[in-house]
Number of protein chains: 2
Amino acid sequence: MGYYLAVDAGGTSTRAVVLRADGHALGCGVAGSGNPVSSGTDQAAQAVVAAARGALDSAGLRPTDITSGVAGMAGASVFGSGEWLREELVRAGISDHFDIRSDLLATFCSGSFAPHGYALVAGTGAVAVRVRGGEVDAVADGLGWLLGDAGSGYWIGQQVARHVSAALDGRGPATTLTRLLLDDVGIAATTERDADGRPTALRKLVEALYRLRPIDLARFAPLAFAAPDDPLAQRIVAEATDALAATLTAVVAPHVTGPLVLGGSVLSRQRAIADRMAAVLRSAGVPPVLRHVPDGLAGAAVLALRLGAVDVDEEVFERIAATLDTIRAVPAA
Amino acid sequence: MGYYLAVDAGGTSTRAVVLRADGHALGCGVAGSGNPVSSGTDQAAQAVVAAARGALDSAGLRPTDITSGVAGMAGASVFGSGEWLREELVRAGISDHFDIRSDLLATFCSGSFAPHGYALVAGTGAVAVRVRGGEVDAVADGLGWLLGDAGSGYWIGQQVARHVSAALDGRGPATTLTRLLLDDVGIAATTERDADGRPTALRKLVEALYRLRPIDLARFAPLAFAAPDDPLAQRIVAEATDALAATLTAVVAPHVTGPLVLGGSVLSRQRAIADRMAAVLRSAGVPPVLRHVPDGLAGAAVLALRLGAVDVDEEVFERIAATLDTIRAVPAA
């Protein structure tokens, strides 16, 4: 009887699960950043191994029990040969029958065992893929905070920060986002002014935000959703929705019919955003079937079973989802 | 007979001039970045001293000939006490009767010896000031590439880069900017595609642009002005103009009447942009008198003479401008 290892390696955390051929998830593990692009291959490999060990321990299994495995990983197309990761896994006593696959393909497979369809992820970044015959067939955006990721959490968070700065600077309309952002970074919203006549709160805000890495502005995205009555917040969310619709439109093809799997916090914030994505599919002649997923872990499990020549049908797929939900609900020791 | 030292310390280069009390400029010098914010106070002080030495050599004067001096400098409000710079000047044998003043005040004084008025600078960054009684009375924007500098060269350059990336990615309209940007960074505009179906030129462009510092995207701003028939380029320039108008509006006050001094490459690119700024003044009840200046060097000279208790009248002001133009026209040895 074989056991399979699935890993969802993200920029913030890396999750692993061990499962049986019938899709029954037995144990989970978590570790730090497993993104080889942002953290380097050494740290990514260590995170994958640490998460795998956690999953094995939790399942009461040994490394040698693993038949095969898959890690869903950003940058898979660049770091895809995976020799750097296999070496580390073998050193840990785990099978070298292990592949790296696109994190976006894993996200799609978390929501569907169908061979065709779409995934749209809008978390810190934003990217869409078309999946055909179980493989990534087209990609749009995901070009990073400086050049793309239009409509992402970073994009929204930066808009919040820019508009609040402009409002405090007398260059833009007053907005309830100002109070929300100042509260978030712990700056008092006083009427005090500096020697140059500008609000002290503006100077403090600018100083605080330049101390962050640019990408950290993504943490302010929830503020735009927390002020649904604010015209500026509405405009930011509307523009983000337009951008995400354009990204999805770029990969939708009438001859590829299948579900749209939505991942990332932005797409679960407002019903209207998901509705707009359904409209994009409909107008391209693709029946809109939408599913939200928390990450790519279940999908990595689907891909790990397939790598082990297991046919993932509806029964197996549902068992992965249900058992994974159960063991995830148990807080880690 | 006294001699005066004026320095315009910028992020790219530092320029110095030595002049007589009657405004006659005798010699110029140039050195590297003198911006204490981006380069640190040590390097900034060294650049100021190197540029001053160049100016003294060129004028055939000794350090001890200098009566007083002024450096116009970004970040003057933060690094304004200037003890760090005075120490270095004294070590070089130059007078300690030396002040640091706002680079924006220096820009204003490059265009006018009037006590009141406005300056708007849109180079890599974008910022506006109101000048009243010879001092900065209000400031808007200048909040840097991440949070502000709306309508600046950085802002325009990033828009060019983002829109071209979107066009190559199938998320935005085709634009002549694509060819201009690819040519600029030396990437062939082929129809070749990568394994993920995306244009090879897009991947190469993204790789090339992430190798730059974000602020370096400002170098692509001229492309938006080089494609006046392209609808996307038109939109970028129109949005930049709107943003600069908002920044100027934030400092214009009907009770402060005086010229508007324009600095930075963006404001000299299209007549329509300057016309729009004139309209901003007019609608606030301020008679629009506009002057373009290349930098803050002449203005630093005005401020240096004033620090030496010289009354800068029209005759002195015009002599500074005329003699500075003459010695600047001579290429450095």
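The shown structure was predicted, so the numbers you read here are calculated from the model rather than taken from an experiment.

1. A closer look at the overall build of chain A
- Looking only at helices and strands, chain A has 13 helices and ten strands in total.
- Scaling as 2.2 N^0.38, a compact globule of 333 residues should have a C-alpha radius of gyration of about 20 Å, and chain A matches this with 22 Å.
- If you line up chain A on its principal axes, its C-alpha atoms span 75 × 45 × 35 Å.
- Excluding contacts between residues fewer than 6 apart, the proportion of contacts in chain A whose partners are at least 24 apart in sequence is 68%.

2. Quick word on unusual backbone geometry
- In this model, Asp149 of chain A sits at a positive phi of 55°, which is unusual for a non-glycine residue.
- When you line up the elements, Asp149 of chain A lands in the loop between α5 (144-147) and α6 (153-168).
- The backbone phi angle of Asp141 of chain B is positive, close to 60°, even though this residue is not glycine.
- Along the chain, Asp141 of chain B turns up in strand β8 (residues 135-141).
- We classify Asp141 of chain B as buried; it has 30 C-beta atoms within 10 Å.

3. A word on the relation of the copies chain B and chain A
- By a simple turn and slide, chain B fits onto chain A: the slide is 0.0 Å along the axis, the RMSD is 0.0 Å, and the turn is 180°. Overall, the copies show the geometry of a two-fold rotation axis.

4. Overview of the interface of chain B and chain A
- Contacts between chain B and chain A engage 29 residues on the former and 29 residues on the latter.
- Elements with a minimum of two residues in the side of chain B that touches chain A: β8, α5 (144-147), α6 (153-168), α8 (200-211) and α10 (231-249) of chain B.
- With six residues, β8 of chain B is the single largest residue contributor to the side of chain B that touches chain A.
- Looking at side-chain class alone, the side of chain B that touches chain A contains 15 nonpolar, seven polar and seven charged residues.

5. Quick look at the sheet that holds strand β9 (residues 260-263) of chain B
Residues and elements named next belong to chain B.
- Strand order in the open sheet formed by five strands is β8-β7-β6-β9-β10, with mixed pairing between adjacent strands. Only two strands of the sheet have a single neighbouring strand rather than two, namely β8 and β10 (290-292). Across the sheet, the axes of successive neighbouring strands diverge by a mean angle of 20°, strand direction being ignored.
- One ladder, built from four bridges, connects strand β6 (residues 117-122) with β9; its direction is parallel.

6. Comments concerning the pairing of strand β3 (residues 25-31) of chain B
Residues and elements named next belong to chain B.
- Pairing between strand β2 (residues 14-20) and β3: six bridges, direction antiparallel. Following the sheet pairing, Ala16 is matched in β3 by Gly29.
- As consecutive antiparallel partners, β2 and β3 are separated by four residues, and within that stretch Gly23 has a phi angle of approximately 95°, a positive value.

7. Re the domain arrangement of chain A
Residue and element names in this part refer to chain A.
- Annotation of chain A at the domain level lists domain 1 (3-114 + 294-329) and domain 2 (115-257).
- Put simply, the middle of domain 1 and the middle of domain 2, counted by C-alpha atoms, are 30 Å apart.
- Contacts between the two partners involve seven residues from domain 1 and, on the opposite side, nine residues from domain 2.
- Per-element tally for the side of domain 1 that touches domain 2: the top contributor is helix α4 (residues 103-111), with four residues.
- Here the residues of the side of domain 1 that touches domain 2 sort into four nonpolar, three polar and no charged.

8. Quick notes on the confidence of the model for chain A
- Per-chain confidence: chain A averages 93 in pLDDT, with 97% of residues scoring 70 or above.
- Scoring the predicted complex yields pTM 0.91 and, for the interface, ipTM 0.90.

9. Details of the pairing of strand β5 (residues 98-102) of chain A
Residue and element names in this part refer to chain A.
- Taken across its five residues, β5 has four buried, putting it largely inside the fold.
- Sheet topology note: the strand β4 (residues 66-73)/β5 ladder contains five bridges and is parallel. Across the sheet, residue Val70 finds its bridge partner in β5, namely Asp99.

10. Focus: the sheet that holds strand β7 (residues 126-132) of chain A
Residues and elements named next belong to chain A.
- The strand order β8-β7-β6-β9-β10 describes an open sheet built from five strands, whose pairing is mixed. Edge positions in the sheet fall to β8 (135-141) and β10 (290-292), since each of these pairs with one other strand and no more. Within the sheet, the average angular offset between the axes of one strand and its neighbour, ignoring direction, is 20°.
- Here helix α10 (residues 231-251) sits on the sheet in contact with β6 (117-122), β7 and β8, set at roughly 25° to β7.

11. Re the environment of Ala16 of chain A
All names here are of chain A.
- In this structure, Ala16 sits in strand β2 (residues 14-20).
- For Ala16, a count of 31 C-beta atoms within 10 Å gives the class buried.
- When neighbours within four sequence positions are excluded, Ala16 is seen to be in contact with Leu5, Ala6, Val7, Cys28, Gly29, Ala51, Ala52, Gly54 and Ala55.

12. Remarks on the environment of Ala31 of chain A
Residue and element names in this part refer to chain A.
- Mapping Ala31 onto the fold places it in strand β3 (residues 25-31).
- As for Ala31 and Leu305, which are separated by 274 residues in sequence, their C-alpha atoms are 22 Å apart.
- Excluding its chain neighbours within four sequence positions, the residues that come into contact with Ala31 are Ser13, Thr14, Ala47, Ala50, Ala51 and Gly54.

13. Side note on the packing of α6 of chain A against helix α8 (residues 200-211) of chain A
All names here are of chain A.
- Between α6 and α8, the least distance of the axes is 9 Å, while the angle of their chain directions is 155°. With respect to each other, α6 and α8 are oriented roughly antiparallel. Seen from above, α6 lies across α8 with left-handed handedness. When α6 is examined against α8, the residues Ala161, Ser165 and Leu168 are found in contact with a partner set consisting of Ala201, Leu202, Leu205, Val206 and Leu209.

14. Things to note about helix α4 (residues 103-111) of chain B
- Within α4 of chain B, nine of the nine residues are buried, which leaves the element mostly enclosed by the surrounding structure.
- Of the residues making up α4 of chain B, those classed as buried are Asp103, Leu104, Leu105, Ala106, Thr107, Phe108, Cys109, Ser110 and Gly111 of chain B.

15. Details of the environment of Val286 of chain B
- For Val286 of chain B, the location among the structural elements is in the loop between α11 (271-283) and β10.
- Residues within four places of Val286 of chain B in sequence aside, it is in contact with Val252, Pro254, Thr257 and Leu281 of chain B.

What counts, and where the lines are drawn
- Residues numbered from 1 in each chain as written.
- Chains lettered and ligands numbered in written order.
- Predicted model: local features only at pLDDT ≥ 70, side-chain atom pairs only at ≥ 80, totals over all residues.
- Helix = DSSP H or I, 4+ residues; strand = E, 2+ residues; numbered from the N terminus.
- Rg over C-alpha atoms; globule rule 2.2 N^0.38 Å.
- Contact = placed C-beta atoms within 7 Å.
- Buried ≥ 20, exposed ≤ 12 C-beta atoms within 10 Å, placed from the backbone.
- Least-squares fit on C-alpha atoms with pLDDT ≥ 70 in both.
- Nonpolar A, V, L, I, M, F, W, Y, C, P; charged D, E, K, R; others polar.
- Pairing = 2+ DSSP bridges.
- Axes fitted to C-alpha atoms, helices over the stretch in contact; angles between N-to-C directions.
- Domains from an automatic or database assignment.
- pLDDT = per-residue confidence, 0-100.
- Parallel < 35°, antiparallel > 145°, perpendicular 65-115°, else oblique.
- Left-handed = near helix turned anticlockwise from the far one by under 90°.

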